[in-house]
Amino acid sequence: MAQKRLAIFASGSGSNAEKIAEYFTDHADIEVTLILSNNPQAGVIARARRLHIPVVLFDRKTFYETNKIIDILQNEHIDLVVLAGFMMLIPEAMVHAFPNRIINIHPALLPKYGGKGMYGHFVHEAVVEARELESGISIHYVNEHYDEGDIIFQATCPVTPEDTPEEVARKVQVLEHQHYPEVVEKLLSALNS
Ligand code: GAR
């Protein structure tokens, strides 16, 4: 069986990208081929270098006005695109080039607390503000709209009245690190290309 190839897009710290990359180090069937980022300051870049994974940096104009990123993904024979804290909307052409091959993780229980502007700490602040009793993670397919593709997997954690947004973020991050690599592995194992 040919090695399955994974590309991870990240805009920030990259802790999920790193967990996924570590999980697949020395994996028999799956490799993290590339890490891509729109943010030259992103922590993910140092993490990628440490893991010896090639990094592709791009700007907004390249992403939205050219096919360069799609070409790179196709030339590298990428089987699955994994968004891990990637803060830009995926262009329609890329969604069409990779149907059901782009997934995202969202730090809440979609369809609640999703959509434009709902990312990172904004999500956890909204969850605390609404006095939710639970939060969690949603892993979903990506379409042309923020956080609207079909949900693949969810996991929950309790939220207590004393929890601050930072505490909710910490609980959610534990779930992300625990589940995202395994969900990626299951999806890739099910692909027969
Ligand atoms: C993660 O919590 C991820 O769910 C969230 O950004 C964080 C990235 O952390 N994504 C979104 O909010 C997308 N709407 P990381 O850079 O440490 O992996």
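Cut-offs and rules
- Residues numbered from 1 in each chain as written.
- Predicted model: local features only at pLDDT ≥ 70, side-chain atom pairs only at ≥ 80, totals over all residues.
- Heavy atoms only, no water.
- Helix = DSSP H or I, 4+ residues; strand = E, 2+ residues; numbered from the N terminus.
- Rg over C-alpha atoms; globule rule 2.2 N^0.38 Å.
- Contact = heavy atoms within 4.5 Å.
- Areas by Shrake-Rupley, 256 points an atom, 1.4 Å probe, with all protein chains shown as cover.
- Axes fitted to C-alpha atoms, helices over the stretch in contact; angles between N-to-C directions.
- Left-handed = near helix turned anticlockwise from the far one by under 90°.
- Nonpolar A, V, L, I, M, F, W, Y, C, P; charged D, E, K, R; others polar.

Before we go on, may I ask you to explain the overall build of the protein in this structure?
Along the protein, the regular secondary structure elements total seven helices and seven strands. Ordering the α and β elements of the protein from the N terminus gives β-α-β-α-β-α-α-β-α-β-α-β-β-α. Against the compact-globule benchmark of 16 Å for 193 residues, the protein has a radius of gyration of 16 Å, which places it among compact chains. A principal-axis box enclosing the C-alpha atoms of the protein has dimensions of 50 × 35 × 30 Å. A separation of at least 24 residues holds for 68% of the contacts in the protein among residues at least 6 apart in sequence. In the form shown here, the protein has an accessible surface area of approximately 9,900 Å², with 51% of it arising from carbon and sulfur atoms.

What exactly am I supposed to notice about the packing of helix H6 (residues 120–129) against helix H7 (residues 165–190) here?
Relative placement of two packed helices is described by the angle separating their axes and the distance separating the axes. Viewed as axis vectors pointing N to C, H6 and H7 meet at an angle of 115°, and their least axial separation amounts to 8 Å. Considering the relative orientation of H6 and H7, their crossing is right-handed. Where H6 approaches H7, its residues His124, Glu125 and Val128 are matched on the opposing element by Pro165, Val168, Ala169 and Val172. Broken down by class, the residue content of the contact of H6 with H7 amounts to five nonpolar, one polar and one charged.

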